[in-house]
Amino acid sequence: MTDFRSLELFYWVAELNSFSRAAERANTTQPSVSQRIAALEAELGVKLFERNARSISLTHQGRKLVQYAERFLLLRTEMLAEVGSAVAMKGVVRLGVSETIAQTWLSRFMERAHAVYPNIVIDLTVDVSPAMRDLLARGDLDLAFMLGPIDDLTMASCDLCAYSLAVIASPDMVLGEEPLSIAELRNFPMITYPKATAPYPRLREALNDPSLPPPRIFGNSSLTTIVQMTLDRIGVSVIPPVVVQRELKEGRLRIVKTVLDLPDLVFTAAFPLTLSGSLARPMAELAQDIARSYEASRAF
């Protein structure tokens, strides 16, 4: 009788269109995947893949089996989630995380996730939200904590947290009387998230004046670098104060009062509505709890 492991490996080969990527996804070796697929084909008496030197493709019977395999595997995951303990859940979750989350409550999440789901391996990537959207769409991530909202009908999502943006500066910088106007802010280089992310165009629009040269906005994908540039008085930064709590408390940075009004950064956990998202869902729910407890701890 066909076992779940063989169906799982078959599903990932079909989904990823690659024996090697399926082996990596299922935390096994390519020869093991090939042997399982060969045994499955022998058991069913049909070819599941057409193979040539450079690519593979599903046969007619293979396309039929994919539908059954996904249903079987999703049902198994649902059964384990409802009936079994968290220890029974096994697999690899490829997690993408925004650096803002990495700088705030990610360590709490990782610690809790390993305690609750000891047999789930988390493969972590820190990246900007646009890149993570692409990785999710290509099937290279199972779950992402990133800027929302998510308008992809193939994805599920749940809200995590929202962080306000503020102008942050070194106390050694002479900025003028506060609150600073838009015209006064334009006198200083402004450092923020990279161009491809939502904060950058929002800031550019808020500072825009058609009668004047474009504002000096430096986009950077590294929050650590943004903070260091702010400490070095290269300019003022537009970032969430939550990521520089220590520097603010120590007096090495301060929040500048301005008339600038930017929307909060709203972070979302997103995962595909396919088998690859089956382990991601409980992780997303756990992340919600961790984000809320982190916000509650900051309130006191």
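Further up the page is the structure itself.
Fair warning: this is a prediction, and the values are worked out from it, not measured in the lab.

Trainee: So what's going on with the overall build of the protein chain? Residues and values would help.
Mentor: Tallying secondary structure elements over the protein chain gives 12 helices and 12 strands in all. Along the first, second and third principal axes, the C-alpha atoms of the protein chain reach 80 × 45 × 30 Å. Going through the 300 residues of the protein chain one by one, you find that 46% of them count as buried. Within the protein chain, counting contacts between residues at least 6 apart in sequence, those at least 24 apart form 75% of the total. Averaging the locations of the 31 positively and 34 negatively charged side chains of the protein chain gives two centres separated by 4 Å.

Trainee: Account for the side chain of Glu-41, with residues named and values stated.
Mentor: One can find Glu-41 in helix α3 (residues 30–44). Judged by relative accessible area, which is 13%, Glu-41 ranks as buried.

Trainee: Hey, could you go over the pairing of strand β5 (residues 143–147) for me, with residue numbers and the actual values?
Mentor: Moving residue by residue along a regular strand, the side chains alternate between the two faces of the sheet. Summarising burial for β5: 5 of the 5 residues are buried, a large majority. Examined bridge by bridge, strand β3 (residues 91–97) and β5 share 3 bridges and lie parallel to one another. Note that in β5 the partner of Leu-95 across the bridge is Leu-143. One ladder, built from 4 bridges, connects β5 with strand β12 (residues 265–272); its direction is antiparallel. When the sheet's bridge partners are listed, Leu-147 is paired in β12 with Phe-267.

Trainee: I'd like to hear about the sheet that holds strand β4 (residues 120–126), residue by residue, with values.
Mentor: Spatial strand order, β4-β3-β5-β12-β6: 5 strands in an open sheet with mixed pairing. A single partner strand is all that each edge strand has here, and the edge strands are β4 and β6 (155–163). On average, each strand axis in the sheet is tilted by 20 degrees relative to the strand beside it, whichever way the strands run. Direction of pairing for β3 relative to β4: parallel, over a ladder of 7 bridges. Residue Val-97 lies in a different strand from β4, and its bridge partner there is Val-126. Each of β3, β4 and β5 touches helix α6 (residues 106–116); the most contacted strand, β4, lies at about 165 degrees to it.

Trainee: How would you explain the packing of aromatic side chains if you had to name every residue and give the values?
Mentor: Think of a pair of aromatic rings as described by two things: how far the centres are apart, and how the planes are tilted against each other in angle. Tallying each qualifying case throughout the model produces 6 aromatic pairs. Measuring from ring centre to ring centre gives 5.2 Å for Phe-109 and Phe-145, while their planes differ by 85 degrees; the resulting arrangement is edge-to-face. Of the two residues, Phe-109 is situated in helix α6 and Phe-145 in strand β5; the sequence distance between them amounts to 36 residues. In this pair, the class of Phe-109 matches that of Phe-145, namely buried. Cluster of aromatic residues (ring-pair linked, three or more members): Phe-10, Phe-19 and Phe-49.

Trainee: Describe the packing of α6 against helix α12 (residues 280–298), naming the residues involved and giving the relevant values.
Mentor: At a closest axis distance of 10 Å, the pairing of α6 and α12 adopts a crossing angle of 130 degrees. Taken as axis vectors, α6 and α12 run oblique relative to one another. Considering only the axes of α6 and α12, their crossing is right-handed. Residues Arg-108, Phe-109, Arg-112 and Ala-113 of α6 form the contact with α12, whose participating residues are Met-283, Leu-286, Ala-287, Ile-290, Ser-293, Tyr-294 and Ser-297. A breakdown of the residues in the contact of α6 with α12 according to their chemical character gives 7 nonpolar, 2 polar and 2 charged.

Trainee: Could you give an account of helix α7 (residues 129–138), with specific residues and numbers?
Mentor: All of the buried residues along α7 are Ser-129, Met-132, Leu-135 and Leu-136. Burial along α7 is one-sided: seen end-on, the buried residues are contained in an arc of 115 degrees. Those residues of α7 that are exposed and aimed more than 90 degrees away from the buried face are Ala-137 and Arg-138. Residues of α7 that are buried in the fold lie against β3, β5, β6 and β12. Positive phi shows up at Gly-139, right after α7, with a value of about 85 degrees.

Trainee: I'd love a proper account of a nonpolar patch on the surface, names of residues and values included.
Mentor: On the surface, Phe-4, Tyr-68 and Phe-72 cluster together into a nonpolar patch covering about 320 Å² of accessible area. Along the chain, the position of Phe-4 falls in helix α1 (residues 4–16). Judged by its relative accessible area of 37%, Phe-4 falls in the partly exposed class.

Trainee: I'd love a proper account of the pattern of salt bridges, names of residues and values included.
Mentor: Evaluation of the coordinates by the stated rule reveals 10 salt bridges. Residue Asp-142 pairs with Arg-94 through a salt bridge whose shortest N-O separation is 2.8 Å. With Asp-142 in the loop between α7 and β5 and Arg-94 in strand β3, this pair connects stretches of sequence that are 48 residues apart. The pair Asp-142 / Arg-94 is uniform in exposure class, with both members buried. In this structure, Asp-172 engages Arg-233 in a salt bridge whose closest nitrogen and oxygen atoms are separated by 3.8 Å. Of this pair, Asp-172 sits in the loop between β7 (166–169) and α8 (182–185) while Arg-233 sits in the loop between α10 (223–231) and β10 (236–239); the two residues are 61 residues apart in sequence, bridging distant segments of the chain.

Trainee: Lay out helix α9 (residues 199–207) with the relevant residues and their values.
Mentor: Among all positions of α9, only Pro-199, Tyr-200, Leu-203 and Leu-207 are buried. Down the axis of α9, the buried set is contained in an arc of 100 degrees. They therefore lie on one face.

Analysis parameters
Residues numbered from 1 in each chain as written. Predicted model: local features only at pLDDT ≥ 70, side-chain atom pairs only at ≥ 80, totals over all residues. Heavy atoms only, no water. Helix = DSSP H or I, 4+ residues; strand = E, 2+ residues; numbered from the N terminus. Buried < 20%, exposed > 50% of the residue type's maximum accessible area, 1.4 Å probe, protein only. Contact = heavy atoms within 4.5 Å. Lys, Arg positive; Asp, Glu negative; His and termini not counted. Charge placed at Lys NZ, Arg CZ, Asp CG, Glu CD. Pairing = 2+ DSSP bridges. Axes fitted to C-alpha atoms, helices over the stretch in contact; angles between N-to-C directions. Phe/Tyr/Trp six-rings, centres within 6.5 Å; stacked < 30°, edge-to-face > 60°. Parallel < 35°, antiparallel > 145°, perpendicular 65-115°, else oblique. Left-handed = near helix turned anticlockwise from the far one by under 90°. Nonpolar A, V, L, I, M, F, W, Y, C, P; charged D, E, K, R; others polar. Arc of directions from axis to C-beta. Patch = residues over 30% accessible without salt bridge, like charges linked within 9 Å, V, L, I, M, F, W, Y side chains within 5 Å. Areas by Shrake-Rupley, 256 points an atom, 1.4 Å probe, with all protein chains shown as cover. Salt bridge = Lys/Arg side-chain N within 4 Å of Asp/Glu carboxyl O.

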